[in-house]
Amino acid sequence: MLKYQIPGVFLLFCAFVLTLITSISLPYLPTLDITRAYFGDLQVTIANEPSNQLRMGVWTYCHYILNGDRQCPNTGYAYSVLAFDVTTMRDISISSSWTRGLAVHPVTAIVTIVALVFSLVPRTFPMLVACVLAFISVLLCFIAFLIDVALFAYAKNQFSGNAITGPGLWVNFAAMIVAGIASCSLFIGSRLERAGDEHIGTASSSTEKRTFLARFRRNK
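Predicted, not measured: the structure shown is a model, and the values here were computed from it.

A. Focus on the packing of helix 2 (residues 104-119) against helix 3 (residues 124-158). Contact pair helix 2 / helix 3: the axes reach a minimum separation of 8 Å and the direction vectors enclose 165 degrees. Put simply, helix 2 runs roughly antiparallel to helix 3. Once helix 2 is placed against helix 3, the crossing between them reads as left-handed. Residues that form the contact of helix 2 with helix 3 fall into these classes: 17 nonpolar, five polar and one charged.

In structure tokens:
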């Protein structure tokens, strides 16, 4: 590994870990949800169960019924949430159009791991490829962040202001920052490595010229 790659590789690895755990999300990592809602005194039922909390992740949602049990249906990509407010007799719906975009999270993790693999190759060109892929990862993280914020805003409106952002949203935001720094680090590293190679090549050429001329001086 080139010495200038090390900081960028480390940061890219950290970004991959952050995007990976965000992508796994619910139900395997119950604390890594994107948006959650606490109903408090509201009488809300989800799947015909009186619930006091709802958490929405990348692949599914989990709701907590009044006895404390957690229910997570097997929904998968582009799931929807149906709830009923007993107090106002109002249906609450979060359709699949609001959760379909969450699939950007695993795509971001894939792009980041590919960038990490390229960054491990001790050559200038693969490092530049890793830099470009890391930048794409930053863009995908930003797009995912906008989708997460949109879902949060819609849930907050649907649940009468009782929704808050989940940790998964902020982990993705941190991944975007780390991937951005990694991209800059890899780019600077590639430039420094190229400048070092050019300096070594110039010095070697100068030494060869001096040696060639010295032969003529000895022959005089």
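B. View of the packing of aromatic side chains. Under the defined criterion, the tally for this structure stands at six aromatic pairs. Here the aromatic rings of Phe39 and Phe159 are separated by 5.3 Å at their centres, their planes lie at 45 degrees, and the arrangement is tilted. One end of the pair, Phe39, is in the loop between strand 1 (35-38) and strand 2 (44-46); the other, Phe159, is in the loop between helix 3 and strand 8 (163-165), with 120 residues separating them in the sequence. A residue is classified by how much of its surface remains accessible, and Phe39, at 2% relative accessible area, is buried. Phe159 sits in the buried class, given a relative accessible area of 2%. Judged by centre distance (6.0 Å) and plane angle (80 degrees), the rings of Trp170 and Phe173 are edge-to-face. One end of the pair is Trp170 and the other is Phe173, both in helix 4 (residues 167-219) and three residues apart, which spans about a single turn. Take Trp170: its relative accessible area is 45%, and that puts it in the partly exposed class. Members of the aromatic cluster, joined through ring pairs, are Phe145, Trp170 and Phe173.

Reading the values: rules and limits
- Residues numbered from 1 in each chain as written.
- Predicted model: local features only at pLDDT ≥ 70, side-chain atom pairs only at ≥ 80, totals over all residues.
- Heavy atoms only, no water.
- Axes fitted to C-alpha atoms, helices over the stretch in contact; angles between N-to-C directions.
- Helix = DSSP H or I, 4+ residues; strand = E, 2+ residues; numbered from the N terminus.
- Parallel < 35°, antiparallel > 145°, perpendicular 65-115°, else oblique.
- Left-handed = near helix turned anticlockwise from the far one by under 90°.
- Nonpolar A, V, L, I, M, F, W, Y, C, P; charged D, E, K, R; others polar.
- Phe/Tyr/Trp six-rings, centres within 6.5 Å; stacked < 30°, edge-to-face > 60°.
- Buried < 20%, exposed > 50% of the residue type's maximum accessible area, 1.4 Å probe, protein only.

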